[in-house]
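Structure at a glance
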Amino acid sequence: MSSSDANARIANLPNHLCEVIAMTDDAENAQSMVIPLRDPDNVPVRIINQTLNLGFVGSLFEVTLATSGAGVGPDNQLQAQNIIAARLRFDIDFARAFHAQLGQAIEAVTSPPKDKVN
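None of these values were measured; they are calculated from a predicted model. Every residue gets a number counted from 1 within its own chain, in the order that chain's sequence is written. Local features are withheld for residues below a pLDDT of 70 in this predicted model, meaning they are given only at 70 or higher, and side-chain atom pairs are given and counted only at 80 or more; totals for whole chains, interfaces and linings count all residues. In computing side-chain values, all of the structure's heavy atoms are included and hydrogens and water are not.

Moving on, we get to helix α2 (residues 92–109). The terminal C-alpha atoms of α2, which comprises 18 residues, lie 26 Å apart, in line with the 26 Å expected from a rise of 1.5 Å per residue. Regarding α2, its N-cap is D91, as a side-chain oxygen of that residue lies 3.3 Å from the backbone nitrogen of D93 further along. Think of it this way: any DSSP run of H or I at least four residues long counts as a helix, any run of E at least two long counts as a strand, and we number them from the N terminus. Helices are assigned an expected span. That span is 1.5 Å times one less than the residue count. For the purposes of these results, a polar contact is taken to be a pair of N or O atoms within 3.5 Å, where, inside protein, one atom must be able to donate a hydrogen and its partner to accept one; residues adjacent in sequence count only when each atom of the pair is a side-chain atom.

Encoded structure:
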């Protein structure tokens, strides 16, 4: 199944379902399954524009993401602030998959360099 076919199928699912393509070396025989997607904590959408921390905790990546903001400091003056928006921990397999997906997304919305021939 091509990635565009998979994306089209996912786009047509109800909001509470998510289709997962089983990972396999045999792409032609990959099986897909629909699993429920839950959001019991109503996790908000965050605007992220900074990485405050990128490190390791044991075998997990630890990432702290932030957004820029403003607030009143101890001296009652307006000051720029970094506001923590998310703290993430994930393993190397997720890191690799996320890296690949993010690379594809960036490539899809970025014009190729002028010296690159298609």
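Let's pick the thread back up.
At least two bridges found by DSSP between two strands is the condition for calling them paired. Bridge count between strand β4 (residues 60–72) and strand β5 (residues 78–90): twelve bridges; the pairing is antiparallel. What sits directly across from L65, in β5, is A86. Between β4 and β5, which pair antiparallel in sequence order, lie five residues; one of them, N76, sits at a positive phi of approximately 60°.

Reading across the sheet, the three strands line up as β3-β4-β5 and stay open at both edges, with antiparallel pairing between neighbours. Edge positions in the open sheet fall to β3 (50–57) and β5, since each of these has one partner strand only. Pairs of neighbouring strands in the sheet enclose a mean axial angle of 25°, with direction left out of account. Every axis corresponds to a line fitted to the C-alpha atoms, with the helix fit spanning only the stretch in contact, and the corresponding angles, defined between N-to-C directions, vary from 0 to 180 degrees.

Its boundaries defined by the atoms lining it, the second largest pocket holds a volume of some 280 Å³. If you list the elements that add at least two residues to the lining of the second largest pocket, you get β3, β4, β5 and α2. The element that contributes the greatest number of residues to the lining of the second largest pocket is α2, accounting for five residues. The residue makeup of the lining of the second largest pocket, split by class, is ten nonpolar, two polar and no charged. In this analysis a 1.4 Å probe is tested at points of a 1 Å grid over the protein atoms alone, and where it fits but cannot get out there is a cavity; an open set with protein on both sides within 12 Å along at least five of seven lines is a pocket; lining residues have an atom within 4 Å of a point. Grid points are joined across faces, edges and corners, and a volume is the space filled by probe spheres set on the points. The residue classification treats Ala, Val, Leu, Ile, Met, Phe, Trp, Tyr, Cys and Pro as nonpolar and Asp, Glu, Lys and Arg as charged. All others, Gly included, are polar.

To pair, rings of Phe, Tyr and Trp, with the six-membered ring standing in for Trp, must have centres within 6.5 Å; the planes then decide the type, stacked if under 30 degrees apart, edge-to-face if over 60, and tilted in the middle. Across all of its chains, the model carries four aromatic pairs by this definition. Measuring from centroid to centroid gives 4.9 Å for F56 and F61, while their planes differ by 45°, and the two rings are tilted. Only protein chains enter the accessibility calculation, which uses a 1.4 Å probe; a residue is then buried when its area is under 20% of its type maximum, exposed when over 50%, and partly exposed in between. With a relative accessible area of 18%, F61 lands in the buried category. Members of the aromatic cluster, connected to one another through ring pairs, are F56, F61, F90, F94 and F98.

The phi angle at N42 is positive, at roughly 50°, despite the residue not being glycine. Mapped onto the elements, N42 comes out in the loop between β2 (32–36) and β3. Note on N42: relative accessible area 59%, which makes it exposed.

Another point: the side chain of T67. Mapped onto the secondary structure, T67 falls in strand β4. Within polar-contact distance, the side chain of T67 engages the backbone oxygen of I47 at 3.3 Å.

Below, the discussion takes up the pairing of β4. Where β3 lies against β4, seven bridges are found, and the strand directions are antiparallel. Paired with L54 across the strands is V63, a residue of β4. The turn joining β3 and β4, which pair antiparallel and follow one another in sequence, is formed by two residues; a positive phi near 60° is taken by G58.

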